[in-house]
Amino acid sequence: MSSLERFGGDRELRVGNAERASLTELLRSAVDQGYIDLEEYEKRVDLLMAAKTVGETEVVLQDLPSYQRVLQAQADAHVPEKLHTPEWIKWLWAGVTIPIGIVTGVWGFVYFLSGSHQYFWPLWVVIPLGVVASVLTVAERTIIRPSEERKRLERLRRKRNQN
């Protein structure tokens, strides 16, 4: 069915012998699975061979489960998978929050035990670690992620062109 994928959703585009042969295979599998009998198969093949556009072939095949699976696979192929946050960013932020939590906890412990105003010295840990983690996260979102997205779309385009 890969020969019909290039038509996308345009029902007015013409089909050729290669597409008709692929669709005939779908009809043959419908007979093998018991969805249609041989008499109906012959009628549908005649209609399919007479079809000139994608829309005319859909009329012949639309009630077959195998054709619906092909349509679903096409729809799934056109929905690009979303890029998720890389593991290293998650580990970076986990690694940053541990020392920040420790020094803030120590400061809080000393503050409540002494009962007097204490200088918030954990800033000397929070600010540098926060800045480094933020810069790396922004770099991943603005530089690395778009580059990976372009590579992924190029792989998908090459894969579609191979079919």
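What counts as what
- Residues numbered from 1 in each chain as written.
- Predicted model: local features only at pLDDT ≥ 70, side-chain atom pairs only at ≥ 80, totals over all residues.
- Heavy atoms only, no water.
- Axes fitted to C-alpha atoms, helices over the stretch in contact; angles between N-to-C directions.
- Helix = DSSP H or I, 4+ residues; strand = E, 2+ residues; numbered from the N terminus.
- Parallel < 35°, antiparallel > 145°, perpendicular 65-115°, else oblique.
- Contact = heavy atoms within 4.5 Å.
- Nonpolar A, V, L, I, M, F, W, Y, C, P; charged D, E, K, R; others polar.
- Phe/Tyr/Trp six-rings, centres within 6.5 Å; stacked < 30°, edge-to-face > 60°.
- Buried < 20%, exposed > 50% of the residue type's maximum accessible area, 1.4 Å probe, protein only.
- Expected span 1.5 Å × (residues − 1).
- Arc of directions from axis to C-beta.

Some words on the packing of helix 3 (residues 38-50) against helix 4 (residues 54-61)
Okay, step 1: Taken N-terminus to C-terminus, the directions of helix 3 and helix 4 make an angle of 170 degrees; their axes are 9 Å apart at the nearest point. Regarding the angle of helix 3 to helix 4, the classification is roughly antiparallel. Note on element contacts: helix 4 touches helix 3 through Glu56, Thr57 and Val60, opposite Arg44, Leu47, Leu48 and Ala50.
Okay, step 2: Looking at the contact of helix 3 with helix 4 residue by residue, the class counts come to four nonpolar, one polar and two charged.

Examining the packing of aromatic side chains
Okay, step 1: Counted under the stated rule, the structure contains three aromatic pairs.
Okay, step 2: Both rings, one in Trp107 and one in Tyr111, keep their centres 5.1 Å apart while their planes meet at 15 degrees; by these two values the pair is stacked. Here Trp107 and its partner Tyr111 are both found in helix 6 (residues 87-114), four residues apart, which amounts to about one turn of the helix.
Okay, step 3: Note on Tyr111: relative accessible area 29%, which makes it partly exposed.
Okay, step 4: Arranged with centres 4.8 Å apart and planes meeting at 85 degrees, the rings of Trp107 and Phe120 form a pair that is edge-to-face. Separated by 13 residues along the polypeptide, Trp107 in helix 6 and Phe120 in the loop between helix 6 and helix 7 (123-162) bring together distant segments of the chain.
Okay, step 5: For Trp107, a relative accessible area of 16% translates into the label buried.
Okay, step 6: Residue class for Phe120 comes out partly exposed when judged on its relative accessible area of 28%.

Here's the deal with helix 3
Okay, step 1: For helix 3, spanning 13 residues, the distance from its first C-alpha to its last is 18 Å, which sits close to the expected 18 Å at 1.5 Å a residue.
Okay, step 2: Every buried residue of helix 3 is listed here: Tyr41, Arg44, Val45 and Leu48. Buried positions in helix 3, seen along its axis, are confined to an arc of 105 degrees and lie on one side of it. Away from its buried face, by an angle of more than 90 degrees, helix 3 presents the exposed residues Glu39, Glu42, Lys43, Asp46 and Leu47.
Okay, step 3: In this structure, the buried side of helix 3 is in contact with helix 2 (17-32) and helix 4.

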